[in-house]
Amino acid sequence: MTKGNAFIIGATGQIGRAAVRALAADGWDVTAASRGGGRDATWPQEVRAVALDRGDDAALAAALGDGCDVLVDMVAMEERHAAQLTGLADRIGSAVVISTGAVYEDDKGRSFDTQDEPDGFPRYPVPIRESQATVAPGDATYGTRKVAIERHLLAAADRLPTTLLRAGAIHGPYCRTPREIHFVKRVLDGRPVRILAYGGLSQFHPVHISNLAELIRLAAARPGARVLNGGDPDVPAAAEISSAVDAVMGVESELVIVDGPPPRDGVGETPWGPDHPIVYDMSAAGRELGYRPVTTYAESLPATVEWLADRLRAQDWREAFPKLSVRYGPGGGPFDYAAEDAWLREQR
């Protein structure tokens, strides 16, 4: 006997692949919807894959047919996507929607949206609870759009109970903007030194796709109107991540620690931010869902590194990860080795 019908939008994305596996293994009849209608090789044969343009309201309604017991939405990016779901509330038992920790703002109104401004990086309490203030809803940024989605769905909780998962720094295979590239590429390029600003202590709470999939699995079985953080059990600092990647790849690099901000543009920066830790409180997920993480950062890292290294060996990093290329623009981006070497020569 199955637990019911689960319909997943964005099934072939990074989180979706893991969520399909988790729900299928837990006894759900899973329909995996994606733009291309593809399948992951690790999915059971019983999983039904369908092609869907989620921007097409009629196509979504047709794909749902008579409805589902739970709908999991990986790609709700603006309020109209939330309106799609509430418009079909009579066919959906409950929903689980991926949101982001980027919705939070600190007590001075700083958030991810202000981090590039002078003194604009947020200084959150440690850990950040779900009750922390959020940015105002709107269309301006990723964070404001996610808040608009959250508020729309929570306002319709009587018709469509929805669990919103505020994910941290997502990691694992199939990531379009993998932070681990910062160290994996340096190993592949034979770089012997890692320059780390802010004392190598930068922390940005990671969440592995299998831990997010576990949260989705638990929320599907316990429908409700709630907002929960999504994070791993551990929050390694940048220096720890550097050493962990080295260990997986069988090398040992020299760490050059800078006490403070980058000594010059880009040198010593990492994707884990400056010296203001971003750490999410996971106690609510434990209380409300009985959540227990299924992996740690270190345990999950070998598979991530293997996938990432294979991609980097096959093609240039800008071609392998075009979304990262757009973020960094022309030039060396995070791999400006000439600037690193020039600064190192000055120190020696």
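Residues numbered from 1 in each chain as written. Predicted model: local features only at pLDDT ≥ 70, side-chain atom pairs only at ≥ 80, totals over all residues. Heavy atoms only, no water.

Bringing the overall build of the protein into the picture now. Along its length, the protein carries 12 helices and 11 strands. Scaling as 2.2 N^0.38, a compact globule of 348 residues should have a C-alpha radius of gyration of about 20 Å, and the protein matches this with 21 Å. With the C-alpha coordinates aligned to their principal axes, the bounding extent of the protein is approximately 70 × 45 × 35 Å. Taking all 348 residues of the protein together, 55% fall into the buried category. Look at the contacts in the protein between residues 6 or more apart in sequence, and 75% of them connect residues 24 or more apart. Of the roughly 15100 Å² that the protein leaves accessible, carbon and sulfur atoms contribute 49%. Computing the positive centroid from 37 side-chain charges and the negative centroid from 48, the protein places the two 2 Å apart. (Helix = DSSP H or I, 4+ residues; strand = E, 2+ residues; numbered from the N terminus. Rg over C-alpha atoms; globule rule 2.2 N^0.38 Å. Buried < 20%, exposed > 50% of the residue type's maximum accessible area, 1.4 Å probe, protein only. Contact = heavy atoms within 4.5 Å. Areas by Shrake-Rupley, 256 points an atom, 1.4 Å probe, with all protein chains shown as cover. Lys, Arg positive; Asp, Glu negative; His and termini not counted. Charge placed at Lys NZ, Arg CZ, Asp CG, Glu CD.)

Applying the stated criterion to the full structure yields eight aromatic pairs. With a centroid separation of 6.5 Å and 50° between ring planes, the pair formed by Phe112 and Tyr124 is classed as tilted. Of this pair, Phe112 sits in the loop between β5 (92-100) and α4 (142-155) while Tyr124 is found in the loop between β5 and α4, placing the two residues 12 residues apart along the sequence. Here Phe112 and Tyr124 have matching classes, each one buried. Pairing Tyr174 with Trp307 gives two aromatic rings, centres 5.8 Å apart and planes at 45°, and the pair type is tilted. (Phe/Tyr/Trp six-rings, centres within 6.5 Å; stacked < 30°, edge-to-face > 60°.)

The next point concerns the pattern of salt bridges. The final tally for this structure, using the stated rule, is 21 salt bridges. Arg123 serves as the salt-bridge partner of Asp119, at 2.8 Å between the closest nitrogen and oxygen. For Asp119, a relative accessible area of 53% puts it in the exposed group. Looking at Arg123, the relative accessible area reads 32%, which means it is partly exposed. Salt bridges linked by common partners bring Lys3, Asp26, Glu214 and Arg217 together as one network. (Salt bridge = Lys/Arg side-chain N within 4 Å of Asp/Glu carboxyl O.)

Attention now moves to the nonpolar core. Core analysis: the biggest nonpolar cluster contains 37 residues, and Ile8, Leu23, Val30 and Ile216 have the highest contact counts within it. Here this core takes eight residues from helix α6 (residues 209-221), the largest share from any one element. Leaving out residues up to four positions away in the same chain, Leu23 has contacts with Ala6, Ile8, Trp28, Val30, Val72, Ile216, Arg217 and Ala220. Of all hydrophobic cores here, the second largest spans 36 residues; its members include Phe112, Leu196, Met249 and Phe321. (Core = buried A, V, L, I, M, F, W, Y, C linked by side-chain atoms within 4.5 Å.)

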